[in-house]
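# Secondary and tertiary structure notes
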2 protein chains.
Amino acid sequence: MNKTSFKVSDLGEKELIDRIISRNSKCSFSNNFDFNDFKTNIGDDSALINHNLANDSYIVASSDMLIQSTHFPKDMSYYQMGYKSVVVNVSDLAAMGAKPIGFLLNLAIPNDLNLDDFDELICGVTSACADYHIPLVGGDTNEANEIIISATAMGSVQKDEVLMKYGFNPGDLICITGEIGLAALGFEILCNDKNLEIAKSIDSSFVDLALFKSLKPKACLKESFILSKYNYNLSSKDNCNINSRIACTDITDGVASELYEILKADKQYYLNNINNTNKVPKVSNEFNLEDASNCCRDSFEPYSKGILLYEDKLPIEDEFKEISSAIGSNYFDLIFHVGEDFELLFTIPKEIADSLKEDLDFFVIGEVINSEDNSVELLDSEGKTVVIKSKGYEHLSSY
Amino acid sequence: MNKTSFKVSDLGEKELIDRIISRNSKCSFSNNFDFNDFKTNIGDDSALINHNLANDSYIVASSDMLIQSTHFPKDMSYYQMGYKSVVVNVSDLAAMGAKPIGFLLNLAIPNDLNLDDFDELICGVTSACADYHIPLVGGDTNEANEIIISATAMGSVQKDEVLMKYGFNPGDLICITGEIGLAALGFEILCNDKNLEIAKSIDSSFVDLALFKSLKPKACLKESFILSKYNYNLSSKDNCNINSRIACTDITDGVASELYEILKADKQYYLNNINNTNKVPKVSNEFNLEDASNCCRDSFEPYSKGILLYEDKLPIEDEFKEISSAIGSNYFDLIFHVGEDFELLFTIPKEIADSLKEDLDFFVIGEVINSEDNSVELLDSEGKTVVIKSKGYEHLSSY
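In this report, the structure presented in the accompanying data block is examined. (Residues numbered from 1 in each chain as written. Chains lettered and ligands numbered in written order. Predicted model: local features only at pLDDT ≥ 70, side-chain atom pairs only at ≥ 80, totals over all residues. Heavy atoms only, no water.)

## A short note on the environment of B:Tyr260
Its location among the elements puts B:Tyr260 in helix α9 (residues 255-273). Between the C-alpha atom of B:Tyr260 and that of B:Gly306, which follows or precedes it by 46 residues, the distance is 9.0 Å. (Helix = DSSP H or I, 4+ residues; strand = E, 2+ residues; numbered from the N terminus.)

## Description of the interface of chain B and chain A
It is common to give the size of an interface as the accessible area that goes away when the parts come together. Facing the 84 residues of chain B at the interface are 84 residues of chain A. A combined buried area of about 7300 Å² lies between chain B and chain A, and 62% of that area is made up of carbon and sulfur atoms. One can count 21 residue pairs in polar contact (both at pLDDT 80 or more) joining chain B with chain A. Elements with a minimum of two residues in the side of chain B that touches chain A: α1 (13-30), β1 (47-49), β2 (57-67), α2 (68-71), β3 (99-109), α4 (115-131), β4 (136-143) and β5 (148-158) of chain B. It is α4(B) that provides the largest number of residues to the side of chain B that touches chain A, a total of 10 residues. Among the residues forming the side of chain B that touches chain A, the class breakdown is 39 nonpolar, 31 polar and 14 charged. (Contact = heavy atoms within 4.5 Å. Buried area = accessible area lost by both parts, 1.4 Å probe. Polar contact = N/O pair within 3.5 Å; in protein donor to acceptor, adjacent residues only side chain to side chain. Nonpolar A, V, L, I, M, F, W, Y, C, P; charged D, E, K, R; others polar.)

## What to know about the relation of the copies chain B and chain A
Superposing chain B onto chain A requires a rotation of 180° together with a translation of 0.0 Å along the rotation axis, leaving an RMSD of 0.0 Å. Such a combination of rotation and displacement between the chain copies is what one expects of a two-fold axis. Interface overlap between copies is the fraction of interface residues in one copy that are interface residues in the other; for chain B against chain A it reaches 100%, indicating a shared surface. (Least-squares fit on C-alpha atoms with pLDDT ≥ 70 in both.)

## Topic: the side chain of A:Ser150
Residue placement: A:Ser150 occurs in strand β5 (residues 148-158). Since its relative accessible area comes to 1%, A:Ser150 is described here as buried. A polar atom in the side chain of A:Ser150 sits 3.0 Å from the side chain of B:Asn106. Reaching out from A:Ser150, the side chain makes a polar contact with the side chain of B:Ser150 at a distance of 2.7 Å. (Buried < 20%, exposed > 50% of the residue type's maximum accessible area, 1.4 Å probe, protein only.)

## Points about the packing of helix α3 (residues 78-94) of chain A against helix α4 (residues 115-131) of chain A
All names here are of chain A. Across the interface, α3 lies against α4 with an axial gap of 7 Å and an inter-helix angle of 35°. The handedness of the crossing between α3 and α4 comes out as right-handed. Two secondary-structure elements touch here, α3 through Tyr78, Tyr79, Gly82, Tyr83, Ser85 and Val86 and α4 through Asp117, Glu120, Leu121, Cys123, Gly124, Val125, Ser127, Ala128, Cys129 and Asp131. A per-class count over the contact of α3 with α4 returns 9 nonpolar, 4 polar and 3 charged. (Axes fitted to C-alpha atoms, helices over the stretch in contact; angles between N-to-C directions. Left-handed = near helix turned anticlockwise from the far one by under 90°.)

## Considerations on the sheet that holds β5(B)
Residues and elements named next belong to chain B. The strand order β1-β2-β5-β3-β4 describes an open sheet built from 5 strands, whose pairing is mixed. With partners counted over all chains shown, the strands left at the sheet margins are β1 and β4, one partner each. This sheet shows a mean twist of 20° between the axes of neighbouring strands, independent of strand direction. Direction of pairing for β1 relative to β2: antiparallel, over a ladder of 3 bridges. Pairing of Leu48 across the sheet is with Val60, part of β2. (Pairing = 2+ DSSP bridges.)

## With respect to the environment of B:Tyr331
Residues and elements named next belong to chain B. Mapped onto the elements of the fold, Tyr331 is located in helix α11 (residues 331-337). In this structure, the C-alpha to C-alpha distance between Tyr331 and Met164, residues 167 residues apart in sequence, is 30 Å. Discounting chain neighbours no more than four positions away, the residues touching Tyr331 are Glu311, Ile316, Phe320, Lys321 and Ser324. A polar side-chain atom of Tyr331 sits 3.0 Å from a polar atom in the side chain of Glu311.

## With respect to the sheet that holds strand β2 (residues 57-67) of chain A
Residue and element names in this part refer to chain A. Here we have 5 strands laid out as an open sheet, ordered β1-β2-β5-β3-β4, and mixed in their pairing. The sheet is open, and its two borders are formed by β1 (47-49) and β4 (136-143), each paired with just one other strand. Going from strand to strand, the sheet's axes swing by 20° on average, the running direction of each strand aside. Across 9 bridges, the pairing between strand β3 (residues 99-109) and β5 is antiparallel. The residue of β5 that forms the bridge with Leu107 is Ile149.

## What to know about the nonpolar core
If you look at the biggest cluster of nonpolar residues, it comprises 109 residues, and the most contacted ones within it are B:Phe103, B:Phe118, B:Leu309, B:Phe346 and B:Ile348. With 9 residues, the top contributor of residues to this core is α9(B). Core analysis: the second largest hydrophobic core is formed by 107 residues, A:Leu48, A:Val88, A:Leu356 and B:Val8 among them. (Core = buried A, V, L, I, M, F, W, Y, C linked by side-chain atoms within 4.5 Å.)

## Side note on the pairing of β4(A)
Residue and element names in this part refer to chain A. Among the 8 residues in β4, 6 count as buried, and that is most of the element. In this sheet, β4 lies alongside β3 in parallel orientation, the contact comprising 7 bridges. Residue Leu104 lies in a different strand from β4, and its bridge partner there is Gly138. The handedness of the β3 to β4 crossover, carried by α4, is right-handed. (Right-handed = clockwise from strand over helix to strand, strands pointing away.)

## Looking at α3(A)
When the terminal C-alpha atoms of α3(A) are compared, their 24 Å separation across 17 residues agrees well with the 24 Å that a helix rising 1.5 Å per residue should span. In terms of burial, α3(A) is largely enclosed, as 15 of its 17 residues are buried. (Expected span 1.5 Å × (residues − 1).)

This is the structure we're talking about:
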């Protein structure tokens, strides 16, 4: 049989992942896997494994690969590279409300790497492990022509506290834990010395903030513990009048892309829960792969949620717009279509907003609405509504 | 401060790993890590995490990175690459007696990889996951200029069944689950077409066996379950007269290197357990990092175990020697200093050998002896004893 002429770049990262998920499901079902032992859903921030934890918890695992030429700007120090490799994975645990329990470090380095630089990189890893209380428990070293750090973070979370990407309803608020776009701006500034010079001439301390956020990001672990406790409370009898849960993800690929991801996850959850009477049951935190086989019913109400953001509620400083413009970047793109902020993006039912404000600093930037298009829209400062497309950063894409 | 002129290649993989462990311990202790929550020992085949599993088990995790130019011979198919990425990690679980519970796949591929080849690679991964009953639960995709597969296998094992690298005593038998050196021979044959031609002219079916073992290795998971059950029995009252446990590892880097690794682990365990009366307590399966701080006592009996192998007990066929010689390879090197067999190498107390033979096929190739040099020796067929040096395959080494 002749090979097709399609390349992986014709599909891009997200479609390739869907392809892996599809092949994995087929293979698993045809091989009589025992799915009773674990419930999981590839596509959330981390995997959940239902495996006998004593306190009715899931094991949570997340794994990310960072490649020097793709993920590390040239000004990043070896310490910062090591530190970031922990942050990106701990951030995925945070997005699920999970407490870290162990970190595995797979490292590939050039043969001629200076030993001091190696030590600095390891120091970055161990410092971040200490900061996030995640013990480095194992890994592997290899040789490559550039630095590649592939790391795995394991954690655990009680089942009734877990923060999935689904479970929201129209009227729920869209929130973020901090400013967005700063890391993206930092990367743009680092692109060349001229950008740095221009940016510094406008506001030097703001530039320092952006560079810091891009070079030494932080994972919102403490914030995530607060959200998971509130999610637990939502499952209690006292809140039986509230039909929503907190949905949460971390901002890796840009706000727009992440918002479309939570809509996709919520839609998938809706389809999995459709029953014969076309009634959607109250959401629970368990997503069962077996349910996927039940998703094709004769008729049901189409999924009709969307997201509306308010431009005047976005936490963007004037300096941000001014510097973006001066270095020739579109500030809208930096905010919506570039990620690496590692802030948490989450939905909450309106009823808990005031109470949550007492425990957590966050910004409300929009709300879940009824929308047959399932789109993300922005109400701009002139009262016009525009659709924001999903075009986050995507590896392996030629578009 | 000026940088030193040392390169990582001046140290090599094993010393770099020791360097990571050392820095990790310092960092962990200085940051008041709570070690009560986990017991682990970097340096065994997988990490053990003591985290609330209901049936008094450890979470077990292993992570390995495979890089196309280093780990995959040019004749390896994409299916075989994917398959092997699962085998190497499941083999590390097997070396601990652990049952697989989840697999994470981090994949980097060239932008211009043919989509059919991508599908074939994924098919290799999912087929191996099905064969070893380990569900693919998550991962990451990236772009690189060659194929890099960094995967993590998670499992669990009951604490009294776990197979560590330590716990043996003089008189215990050194055993392997199958023939060694075949994968190494396969890789040598694949080096060039001439080797293949020469080898095939000697014994075509033996060559096919060697190629199969190098291109589609298997993890000894079933064998490991049997060993872990026997290890459990050794901890029971019925066996209180036996002071040994089963020590086990998988053959990744060559038999000699692996034997020195188990001696190193056993010595470390001995040093950690030295108490004031210079008496070594009966081995248990728990290795506590906190004990490491107690290892410097005034005086104690030096560690005095070594290993003696018998050349005439090594399972090596005449064809193996003949083909090795014909293609210009040293068969001794292929057996002792090249790995990738993924057979289990383990020690057992003599008392259980007959009983174990009823449940498991294995070869006895030597025994644990008293040796102040802590060396691995070979009694050759002429009655001479030679020391086998530790020189397994090591990345990042310029030696």
